[in-house]
Amino acid sequence: MKVLGIESSCDETGVAIIDESGKILSERLYSQIELHAEYGGVVPELASRDHIRKITPLLKETLEQANLGLDELDAIAYTAGPGLVGALFVGASVGQSIAWSLDIPSIPVHHMEAHLLVPFLDQDTGLCFPFLCLLVSGGHTMIVQANALGDYQVLGQSRDDAVGEAFDKVAKQLDLGYPGGPAIEKLAKQSLSNRDDFPRPMKDHPSLDFSFSGLKTHTLLEYKKTKQTDEEKADIAYAFQQAVTDTLFFKCQKAIEQTGLDTLVVAGGVSANRGLREKFKQLAHANVIFPEMKLCTDNGVMIAYAGLQYALAGKFAGTNEIKVYPRWSLQQ
Ligand code: KG4
Ligand code: ZN
């Protein structure tokens, strides 16, 4: 079985083909970072237009790289949500149209579920259900209990900004450009003082929920108090990153204690942060699994893989309409 996956929910156009063993036959990824950088964030209409420009060439390249013809595909998976409505429609329209023309199944994929499932690709991890998952991306921050394919319980989530969003906004305040996460990580590494006096939001709250909006404001206010030299900027980036990773760490530890589950997957764009990866090595009573670096941020492989799992389980319904779900709960 060969499954083609298409990702177009935000600012990356990703296309990949995998076979039933999970082997990646080919993958292509185009990032729109340069397009959005001058605006300091993703401009939805520009994103949609760029997906339209890039998706067909990427599809062709992906098929060529795998030495496959369209008629050799067995299913098409595409991100149906959550994400930007126009951007999602590009992948959904292309995916559905190819599936209809070839008379093969199309599989709408939940973007966050694809992030959550992608560590299964590395069979050395021994990952199996049930497990806990910390999902940290530009749009979502959640602790999820993953019971089985398609069976997820959200135990806690952000009440305001997602972690990635907070990284991006703080980076904008510090004039570090877009996307903010990698820029803050790089700058934090240059901190000499290792300043670590920022608050850990909702740490003492009994829930597993998060809040990062106040921390973002705190960071800006603290930055304004400094002379805004390069050294001080690095210290602010470090203090912010420490506060975020520590808060995530603390809530995950609590989730492990509450559920008794001993495996934690950390996935989504922010899971690429090396400070976070280092911190989570200290997590007691749990095996922590991260996706390989290039699969942390958005890509077509994770969509193809999630689609493959649904295809193998026979869990998909054919559809005769092109539908996307910009807001889509993982529990639905
Ligand atoms: O999963 P993703 O690629 O797209 C969404 O589904 O949103 O995540 C993108 C987010 C952005 O906010 C970006 O700043 C953040 O992940 N990110 C990072 C790092 N790399 C990407 N945040 C912190 N450290 C990083 N190294
Ligand atoms: Zn994502």
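Details of the structure are given in the entry above.
Quick summary incoming for the structure in this document.

1. Observations regarding the overall build of the protein
Along the backbone of the protein there are ten helices and ten strands. For the protein, the C-alpha radius of gyration of 20 Å lies close to 20 Å, the compact-globule estimate for 332 residues. In terms of overall dimensions, the protein has C-alpha extents of about 60 × 45 × 30 Å along its principal axes. In the protein, which comprises 332 residues, the share counted as buried stands at 53%. Taking the contacts inside the protein whose residues are at least 6 apart along the sequence as the reference set, 72% of them involve residues at least 24 apart. Carbon and sulfur atoms provide 49% of the accessible area of the protein, an area that totals close to 14,400 Å². Charge separation in the protein, taken as the distance between the mean sites of 30 positive and 42 negative side-chain charges, equals 5 Å.

2. A look at the coordination of the zinc ion (ligand 2)
Protein coordination at the zinc ion (ligand 2) comes from His-111 (NE2), His-115 (NE2) and Asp-298 (OD), with a distance range of 2.0 to 2.1 Å. Along the chain, the residues donating to the zinc ion (ligand 2) are arranged with the sequence spacing H-x3-H-x182-D. Of this pair, His-111 sits in helix 4 (residues 111-117) while Asp-298 sits in the loop between strand 10 (287-289) and helix 10 (300-313), placing them 187 residues apart in sequence. Judged by relative accessible area, Asp-298 falls into the buried class, the value being 13%.

3. Details of helix 7 (residues 213-225)
Compared with the 18 Å implied by 1.5 Å per residue over 13 residues, the 19 Å span of helix 7 between its first and last C-alpha is a close match. Turning to helix 7, its buried residues are Leu-215, Lys-216, Thr-219, Glu-222 and Tyr-223. An end-on view of helix 7 places all buried positions within 130 degrees of arc, on one side of the element. What points out from helix 7, more than 90 degrees from its buried face, is the exposed set Lys-224 and Lys-225. Contacts from the buried residues of helix 7 go to helix 5 (163-173) and helix 8 (230-259).

4. A look at the site of ligand 1
If you check the shell around ligand 1, you find 19 residues, and the closest are Gly-138, Asp-168, Glu-185, Gly-269 and Asn-273. A distance of 3.0 Å separates an oxygen atom of ligand 1 from a polar backbone atom of Gly-181. Separating a nitrogen atom of ligand 1 from a side-chain N or O atom of Glu-185 is a distance of 2.7 Å. Calculation on ligand 1 without its partners gives an accessible area of 550 Å², and the protein chains cover 89% of this total. With four residues, the single largest contributor to the shell around ligand 1 is helix 6 (residues 180-188). Taken together, the residues of the shell around ligand 1 sort by class into four nonpolar, twelve polar and three charged.

Conventions and cut-offs
Residues numbered from 1 in each chain as written. Chains lettered and ligands numbered in written order. Predicted model: local features only at pLDDT ≥ 70, side-chain atom pairs only at ≥ 80, totals over all residues. Heavy atoms only, no water. Helix = DSSP H or I, 4+ residues; strand = E, 2+ residues; numbered from the N terminus. Rg over C-alpha atoms; globule rule 2.2 N^0.38 Å. Buried < 20%, exposed > 50% of the residue type's maximum accessible area, 1.4 Å probe, protein only. Contact = heavy atoms within 4.5 Å. Areas by Shrake-Rupley, 256 points an atom, 1.4 Å probe, with all protein chains shown as cover. Lys, Arg positive; Asp, Glu negative; His and termini not counted. Charge placed at Lys NZ, Arg CZ, Asp CG, Glu CD. Donors = N, O, S within 2.8 Å, 3.2 Å for Na, K, Ca; no water. Expected span 1.5 Å × (residues − 1). Arc of directions from axis to C-beta. Near = heavy atom within 4 Å. Polar contact = N/O pair within 3.5 Å; in protein donor to acceptor, adjacent residues only side chain to side chain. Nonpolar A, V, L, I, M, F, W, Y, C, P; charged D, E, K, R; others polar.

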